[in-house]
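Structural overview
Each chain, letter by letter, is given below.
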Amino acid sequence: MRRRLAVAAFLALPAVAWAQERKTLAECIEIALRQQPTLRAAAATVAAGRERVWQAAAAYLPQVSASYLASRRHASSSSLIGSGGTAKKAKTFPYYTTGATLSQVLLDFGQNLELIHAAQASAEALAADSNTQHDAVVFNVQQAYFMLLAAYRLRDVAEETVAQNQKHLDLAEGRHDVGLAPRIDVTTAQVQLAQAELNQLTARNNVSLGRETLRNTLGLPGPLDFDIVDLLEQPRAEVSDEEALDLAYANRPELRSLAAQERADIERIKAIEKDYLPKLTANSSVTWTGTRYPLQENWQFGGLVSLSVFNGGLTRAQVGEAKANLENLRATEDATRNNVSLEVRQALLNLRQQAESIGVADKGLQQGRENLSLAEGRYKTGVGNIIELTDAQVALVSAEASRVQALVGYRTALATLERSTAHRFGTD
């Protein structure tokens, strides 16, 4: 007997552990931020942008190159030294050349510095775009999480409905057996029970679909091996229009990205305009040449001043293109600000509507339960009929589903507001 109890306790442990393993919304978001491939791609793009900053900065540092050449030549000695007179007989001999060259920009009127600033601003824009991807992942997790919670609750409603309809069938059969109800009451109850069982199958399948959707949103390659915490019943958030708009204008990564792109374009325009000015570069080199070692040493040191006198209008066209791109960005920023304002106001209106819907759904659920209780009492005493009872049951199911949808709608509307403002209001 003790052995059987021990085996039963051992077999029950995984089920207990499974029931206790639940993750909150914050924990699911943390998993998605680690696992989602889109975020890894965004991080790689940001890293590439930062490397371009170093590419731009490299122009300010000394440039050193080295070379070595070993060859076989066929020439006369007079051609090698460049002397006139009768050319001696040509011969084949080895020839070696090695050397190093150093160059350093001394003055470019800040052109390279402005290119560095442009690359830094572009990297900031890429980081802001990465934050946009981050917000999208968080919002998708929230939606999948709430939809799975809705599936769980609707499944519970479906199972409760099956139990209620089974009770009604038992009641109708009992009344029919004693001659207090016609046969049609039994068949009506059987039809309602069959429909409730069909709805139960659909509700269970929706739970499975919801779990798969959440798994995919989290970026998990394997099955979802944990459950989630029900947090639909949470305090309401109070947010004013002015506060929401201020948060959106300050936090939205799309606006920060456009502002950084504008700064980058302004710096590029300044850098391109510096092509009209001269540039001063210092150059030095040392070479060793000859047919045998030790080779003959040669060196030189000097400065180079370069100025583009005429390039066919290339610089002017490049400046014009950059300025047009800047105007495009500014117009895009204005349009984006308008869209952000619209998104915030729509999210606020939907949030307030869903908050009111919860109150209405609570009243409807309370009335539906009371109505079903009265219908059951009337049917038991023979005052009511089976149609009245089934109608009350259907109305209760509809009220329970409406409340679930209202709760999920509110949480989704709040998540939409958080995404539109790029701010978490901390109601979890």
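All figures in this text were calculated on a predicted structure; none of them were measured in a lab. (Residues numbered from 1 in each chain as written. Predicted model: local features only at pLDDT ≥ 70, side-chain atom pairs only at ≥ 80, totals over all residues. Heavy atoms only, no water.)

1. Re the packing of aromatic side chains
Tallied over the entire structure, the rule returns two aromatic pairs. Between Tyr 96 and Tyr 293, the ring centres sit 5.2 Å apart and the planes meet at 40°, which makes this aromatic pair tilted. Linking Tyr 96 in strand S3 (residues 91–107) with Tyr 293 in the loop between strand S5 (279–290) and strand S6 (296–306), this pair joins segments that are 197 residues apart in sequence. Between Tyr 145 and Phe 146 the ring centres are 6.2 Å apart and the planes differ by 90°, which places this aromatic pair in the edge-to-face class. Taking relative accessible area as the criterion, Tyr 145 reaches 0% and is therefore assigned buried. Residue classification places Phe 146 among the buried residues on the basis of a relative accessible area of 1%. Here Arg 236 stacks its cationic end above the ring of Tyr 410, 5.1 Å away from the centre of that ring. Over the ring of Tyr 249 we find Arg 337, and its NZ or CZ is 4.2 Å from the ring centre. (Phe/Tyr/Trp six-rings, centres within 6.5 Å; stacked < 30°, edge-to-face > 60°. Helix = DSSP H or I, 4+ residues; strand = E, 2+ residues; numbered from the N terminus. Buried < 20%, exposed > 50% of the residue type's maximum accessible area, 1.4 Å probe, protein only. Lys NZ or Arg CZ within 6 Å of the ring centre and 35° of its normal.)

2. Digging into the nonpolar core
By size, the foremost hydrophobic cluster in this structure holds 50 residues, and its most contacted members are Phe 146, Leu 218, Ile 228 and Leu 417. Counting residues per element, the ones that place at least two in this core are helix H2 (25–35), helix H5 (111–177), helix H6 (183–218), helix H7 (241–251), helix H9 (314–380) and helix H10 (386–421). Of all the elements, H5 adds the most residues to this core, at 12 residues. The next biggest cluster of nonpolar side chains, apart from the first, holds 17 residues, and it includes Val 186, Ala 196, Ala 375 and Ala 392. (Core = buried A, V, L, I, M, F, W, Y, C linked by side-chain atoms within 4.5 Å.)

3. Side note on the sheet that holds S5
Pairing in this open sheet of four strands is antiparallel, and the strands run S2-S3-S5-S6 from one edge to the other. Each of the sheet's edge strands pairs with one partner strand only, and the pair in question is strand S2 (63–75) and S6. Each adjacent strand pair in this sheet contributes to an overall mean axis angle of 20°, direction not counted. Across 11 bridges, the pairing between S5 and S6 is antiparallel. Bridge pairing links Val 286 to Trp 299 in S6. (Pairing = 2+ DSSP bridges. Axes fitted to C-alpha atoms, helices over the stretch in contact; angles between N-to-C directions.)

4. Focus on the packing of H5 against helix H8 (residues 253–273)
Look at H5 against H8: their axes get within 8 Å of each other, and the N-to-C directions meet at 165°. By the angle class used here, H5 and H8 are roughly antiparallel. For the pair H5 and H8, the crossing hand works out as left-handed. A per-class count over the contact of H5 with H8 returns nine nonpolar, seven polar and 10 charged. (Parallel < 35°, antiparallel > 145°, perpendicular 65-115°, else oblique. Left-handed = near helix turned anticlockwise from the far one by under 90°. Nonpolar A, V, L, I, M, F, W, Y, C, P; charged D, E, K, R; others polar.)

5. Considerations on the pairing of S6
Within S6, only zero of the 11 residues are buried, which leaves it mostly out in the open. Between S5 and S6, which pair antiparallel one after the other, the connecting turn spans five residues.

6. What to know about the pattern of salt bridges
The full count for this structure, using the stated rule, is 21 salt bridges. The partner of Arg 263 in a salt bridge is Glu 124, with the nearest N and O atoms 2.2 Å apart. Residue Arg 263 is found in helix H8, and its partner Glu 124 is found in helix H5; the two are separated by 139 residues along the sequence. Here Asp 241 ties to Arg 352 by a salt bridge, and the two come within 2.8 Å at their closest N and O atoms. Of the two residues, Asp 241 is situated in helix H7 and Arg 352 in helix H9; the sequence distance between them amounts to 111 residues. For Asp 241, a relative accessible area of 26% gives the class partly exposed. (Salt bridge = Lys/Arg side-chain N within 4 Å of Asp/Glu carboxyl O.)

7. What to know about H2
Every α-helix carries 3.6 residues per turn, so stepping three or four residues along brings you back to the same face. Along H2, the positions that sit buried rather than exposed are Leu 25, Cys 28, Ile 29, Ile 31 and Ala 32. An end-on view of H2 places all buried positions within 160° of arc, on one side of the element. Those residues of H2 that are exposed and angled more than 90 degrees off the buried face are Ala 26 and Arg 34. Residues of H2 that are buried sit in contact with strand S1 (22–23), helix H3 (37–57), H5, H6 and strand S4 (227–228). (Arc of directions from axis to C-beta. Contact = heavy atoms within 4.5 Å.)

Honestly, it's all geometry; don't read function into it.
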